[in-house]
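Fold and geometry: a report
The chain contents come next:
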Amino acid sequence: MRLQWDLFCRVIDNFGDVGVAWRLAADLAGRGQRVRLWIDDASALAWMAPGGAPDGVEVLRWEAASEPGVQVGDIVIETFGCELPAAFVARMAERGSQGLPAPHWLNLEYLSAEPYVERSHGLASPQYSGPGRGLDKHFFYPGFSARTGGLLREPGLLAERERFDGAAWLAARGLARQRGERVVSLFAYANPQLPALLDLLAADPAQPTLLLVCPGSAQQQLALQAPRPHLRWQALPYLSQPDYDRLLWASDLNFVRGEDSFVRAQWAGQPFVWQIYPQEDGAHAPKLGAFLDLFLAAAGPALAAATRALWRGWNGLADWPAALPEMAESRAQALLWRAHLAAQPDLASQLLSRFGVSG
Ligand SMILES: Cc1cn([C@H]2C[C@H](O)[C@@H](COP(=O)(O)OP(=O)(O)O[C@H]3O[C@@H](C)[C@H](O)[C@@H](O)[C@H]3O)O2)c(=O)[nH]c1=O
């Protein structure tokens with residue numbers, strides 16, 4: 001069944017809003033759905049999706065949703081509480097009053113491992129006033145357990161990752177690893193711990209490192225750093241979303257941030273460190289802790305302690321650690337975690353089955 005989806009995205013900060021919305025749009029379209037992505041700032045798509053929109057996805061200006069004559073689709077998704085245009089909501093409500101089925105209205109929430117997610121996933125928020133009066137909005141929470149909306153995982157993603165040749169991919173980009181080098185990718189917010197990370201990566205003369213640095217604050221910080229022995233770094237341009245995945249697959253250790261790169265690092269099945277989006281009220285500390293508790297539930301005590309120390313240190317929530325976790329153990333743990341996640345239905349499949357479409 002081919003449904004019409006209206007996906008709304010407002011870019012607040014950084015690239016997570018557009019990154020998640022785009023990925024969801026492309027994933028649904030890849031499964032035969034028709035998606036209109038209404039977005040207030042599509043500029044990042046120029047590098048995230050340089051090939052343009054795939055079949056089934058139409059990218060539209062946010063304001064255009066309020067124009068007369070726009071028909072609402074079957075399912076309306078508000079990403080991250082972005083507040084739909086009132087004129088569009090009014091049209092959604094009108095459908096009901098004209099005897100047509102009202103569209104399903106979902107708010108796709110931020111990702112968290114905290115317990116409230118399982119409690120809140122799927123709850124309805126009836127609209128008693130305003131332009132959407134009479135409609136029910138439902139909360140859709142992505143998450144890491146079967147009682148949540150799951151994570152975006154395109155069909156075939158893990159098979160493609162399995163077939164991937166990281167050495168060839170790096171070499172084709174002029175990033176070939178030198179003998180014995182480990183490859184570390186870095187996508188980060190400005191971080192006062194960066195010099196300490198460089199020191200840690202350079203600490204072992206028997207283990208040289210190639211650090212691949214994504215655009216943004218980390219590149220600016222690195223430009224001011226003195227070289228370290230056994231460590232070379234290379235600034236990368238913005239990659240397309242599929243190529244950013246490949247960077248994560250090709251690296252031995254990934255530093256990721258925010259929401260979407262954090263999820264993609266989990267599908268990579270390589271050790272990773274998450275820099276959480278810092279919130280002024282400190283809400284990020286329990287959010288980080290909740291994920292670590294789940295992620296490390298099956299890990300041995302030494303690996304769990306070393307992983308916690310590095311993640312908390314990188315996020316400025318604890319002293320900087322003296323050593324990295326043992327990488328082979330970390331990799332085994334990342335693979336176990338990925339298998340645990342892959343056993344759960346992915347986010348787009350859950351959406352589709354909710355509306356009676358088989359994924
Ligand atoms: C570095 C890089 C990233 N990307 C993509 C991957 C992701 O889709 C996107 C980055 O998004 P994130 O990883 O989520 O990190 P972010 O820090 O850019 O976005 C954040 O924005 C805040 C407002 C939110 O509250 C956070 O939760 C988070 O989503 O950019 C590329 O496609 N190519 C690249 O080269």
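The structure displayed is predicted, hence computed values, not measured ones.

**Brief notes about unusual backbone geometry**
- One non-glycine residue, E83, adopts positive backbone phi at about 65°.
- Tracing the chain through its elements places E83 in the loop between strand 4 (75-79) and helix 3 (86-97).
- With phi around 60°, H230 is a residue other than glycine that occupies positive phi space.
- Along the polypeptide, H230 turns up in the loop between helix 8 (217-223) and strand 10 (231-235).
- With a relative accessible area of 34%, H230 lands in the partly exposed category.

**Describing the side chain of Q193**
- Within the secondary structure layout, Q193 lies in the loop between strand 8 (182-186) and helix 7 (194-201).
- Residue contacts for Q193: discarding those within four places in its chain leaves G313, W314, G316 and W320.

**Points about the nonpolar core**
- Counting 62 residues, the largest nonpolar core has F144, L186, L211, F291 and W311 as its most contacted members.
- Judged by nonpolar contacts, the second largest core, of 33 residues, contains L3, A29, L37 and L351.

**Things to note about the side chain of S349**
- Mapped onto the elements, S349 comes out in helix 14 (residues 347-354).
- Within polar-contact distance, the side chain of S349 engages the side chain of R31 at 2.9 Å.

**What to know about the pattern of salt bridges**
- Tallied over the full model, the rule gives 19 salt bridges.
- E181 is paired through a salt bridge with R232; the nearest N and O atoms lie 2.6 Å apart. Within this pair, whereas E181 is found in the loop between helix 6 (166-172) and strand 8, its partner R232 is found in strand 10, the two being separated by 51 residues in sequence.
- For R232, a relative accessible area of 30% puts it in the partly exposed group.
- Across the pair D199 and R228 runs a salt bridge whose closest N-O atoms are separated by 2.6 Å.

**As for the sheet that holds strand 11 (residues 253-257)**
- Reading across the sheet, the five strands line up as 10-9-8-11-12 and stay open at both edges, with parallel pairing between neighbours. Of all the strands in the sheet, just strand 10 and strand 12 (272-275) have a single pairing partner and so form its edges. Along the sheet, successive strands turn relative to each other by an average axial angle of 15°, direction set aside.
- One ladder, built from three bridges, connects strand 8 with strand 11; its direction is parallel. Across the sheet, residue V184 finds its bridge partner in strand 11, namely L253.
- Each of strand 8, strand 9 (209-213), strand 10 and strand 11 touches helix 7; the most contacted strand, strand 8, lies at about 170° to it.
- On the sheet, helix 12 (residues 301-314) packs against strand 8, strand 11 and strand 12 and is oriented at approximately 35° with respect to strand 12.

**Focus on the packing of aromatic side chains**
- Throughout the structure, instances matching the rule amount to 31 aromatic pairs.
- A centroid spacing of 3.9 Å and a plane angle of 15° characterise the contact between W47 and Y238, whose relative ring orientation is stacked. Here Y238 lies in the loop between strand 10 and helix 9 (241-250) and W47 lies in helix 2 (residues 45-48), a separation of 191 residues in the sequence.
- Taking the relative accessible area as the measure of exposure, Y238 reaches 34% and is therefore partly exposed.

**A short note on the site of the ligand**
- Taken together, 23 residues lie around the ligand, and Y189, L239, R257, D260 and S261 are the ones closest in.
- Within the side chain of R257, a nitrogen or oxygen atom sits 2.8 Å from an oxygen atom of the ligand.
- Note that an oxygen atom of the ligand is positioned 2.6 Å from one of the side-chain N or O atoms of S261.
- Contributing elements (two or more residues each) for the shell around the ligand: helix 1 (16-30), helix 2, helix 9 and helix 10 (260-268).
- Ranked by residue count, the leading element in the shell around the ligand is helix 1, at three residues.
- Of the residues in the shell around the ligand, the class split is 11 nonpolar, seven polar and five charged.

**Here's the deal with the pairing of strand 2 (residues 34-39)**
- Across the six residues that make up strand 2, a large majority, five, are buried.
- Bridge count between strand 1 (residues 4-9) and strand 2: six bridges; the pairing is parallel. Looking across to strand 2, one finds that Q4 is bridged to R34.
- A crossover connection joins strand 1 to the parallel strand 2 through helix 1; in handedness this β-α-β unit is right-handed.

**Focus on helix 1**
- For helix 1, spanning 15 residues, the distance from its first C-alpha to its last is 21 Å, which sits close to the expected 21 Å at 1.5 Å a residue.
- Among the 15 residues in helix 1, 12 count as buried, and that is most of the element.
- Taken together, the buried positions of helix 1 are D17, V18, G19, V20, A21, W22, R23, L24, A25, D27, L28 and A29.
- Once helix 1 ends, the next one or two residues include G32, with phi positive near 90°.

Cut-offs and rules
- Residues numbered from 1 in each chain as written.
- Predicted model: local features only at pLDDT ≥ 70, side-chain atom pairs only at ≥ 80, totals over all residues.
- Heavy atoms only, no water.
- Helix = DSSP H or I, 4+ residues; strand = E, 2+ residues; numbered from the N terminus.
- Buried < 20%, exposed > 50% of the residue type's maximum accessible area, 1.4 Å probe, protein only.
- Contact = heavy atoms within 4.5 Å.
- Core = buried A, V, L, I, M, F, W, Y, C linked by side-chain atoms within 4.5 Å.
- Polar contact = N/O pair within 3.5 Å; in protein donor to acceptor, adjacent residues only side chain to side chain.
- Salt bridge = Lys/Arg side-chain N within 4 Å of Asp/Glu carboxyl O.
- Pairing = 2+ DSSP bridges.
- Axes fitted to C-alpha atoms, helices over the stretch in contact; angles between N-to-C directions.
- Phe/Tyr/Trp six-rings, centres within 6.5 Å; stacked < 30°, edge-to-face > 60°.
- Near = heavy atom within 4 Å.
- Nonpolar A, V, L, I, M, F, W, Y, C, P; charged D, E, K, R; others polar.
- Right-handed = clockwise from strand over helix to strand, strands pointing away.
- Expected span 1.5 Å × (residues − 1).

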